Amino acid sequence: MRCPCGCGQPVELPLIREARPRWSLQVDKDGHPSLEPSVWRRGGCRAHYFVRRGKVVWV
Ligand SMILES: [Zn+2]
């Protein structure tokens, strides 16, 4: 996905079980994704946010 802060950088989140760190993705019955844990970009814009039910929640 693209970083939601507007910087336009791609954000890659490993979802496979073997990856460290990894994220879990859950999609509710309406198709809204939630991610755990939060996303914190170490470089670039340093955006830090949760994705909950399809919405970005800034930290
Ligand atoms: Zn950004």
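Please refer to the structure higher up on the page.
Below is a summary of the structure that appears in this document. Quick caveat, the model's predicted, so the values are computed rather than measured.

Taken together, Cys3 (SG), Cys5 (SG), Cys7 (SG) and Cys45 (SG) make up the protein donors of the zinc ion, found 2.2 to 2.3 Å from the metal. One can describe the site at the zinc ion as tetrahedral: its four donor atoms subtend angles covering 105 to 111 degrees at the metal. Along the chain, the residues donating to the zinc ion are arranged with the sequence spacing C-x1-C-x1-C-x37-C. With Cys7 in the segment before strand S1 (24–27) and Cys45 in the loop between strand S2 (33–40) and strand S3 (48–52), this residue pair connects regions lying 38 residues apart in the sequence.

Relative to the helices and strands, Ser38 is located in strand S2. Within the structure, the side chain of Ser38 is placed 2.9 Å from the side chain of His48, a separation counted as a polar contact. If sequence neighbours within four positions are ignored, Ser38 has contacts with Trp23, His48, Tyr49 and Phe50.

Of the consecutive residues Arg20 and Pro21, the connecting peptide bond is found in the cis state with omega at -5 degrees. Residue position: Pro21 is located in the segment before S1. With an omega dihedral of -10 degrees, the bond running from Glu36 to Pro37 counts as a cis peptide bond. Take Pro37: it is sitting in strand S2.

Turning next to the nonpolar core. Cys3, Val11, Trp23, Leu35, Val39, Ala47, Tyr49 and Val51 together form the largest nonpolar core, which totals eight residues. Of all the secondary-structure elements, those providing two or more residues to this core are S2 and S3. Contact partners of Val11, with chain neighbours within four places excluded, come to Met1, Arg2, Cys3, Val39, Arg41 and Tyr49.

Here we come to the sheet that holds strand S4 (residues 55–58). In space, the four strands of this open sheet follow the order S1-S2-S3-S4, with antiparallel pairing throughout. Strands at the two margins of the open sheet, each flanked by one partner only, are S1 and S4. On average, each strand axis in the sheet is inclined to that of its neighbour by 25 degrees, with strand direction left out of account. The pairing of S2 with S3 spans three bridges and is classified as antiparallel. Its bridge partner lying in S3, Leu35 is registered against Val51.

Cut-off values and rules
Residues numbered from 1 in each chain as written. Predicted model: local features only at pLDDT ≥ 70, side-chain atom pairs only at ≥ 80, totals over all residues. Heavy atoms only, no water. Donors = N, O, S within 2.8 Å, 3.2 Å for Na, K, Ca; no water. Tetrahedral: all angles 85-135°; square planar, octahedral: opposite > 155°, others 65-115°. Helix = DSSP H or I, 4+ residues; strand = E, 2+ residues; numbered from the N terminus. Polar contact = N/O pair within 3.5 Å; in protein donor to acceptor, adjacent residues only side chain to side chain. Contact = heavy atoms within 4.5 Å. Core = buried A, V, L, I, M, F, W, Y, C linked by side-chain atoms within 4.5 Å. Buried < 20%, exposed > 50% of the residue type's maximum accessible area, 1.4 Å probe, protein only. Pairing = 2+ DSSP bridges. Axes fitted to C-alpha atoms, helices over the stretch in contact; angles between N-to-C directions.

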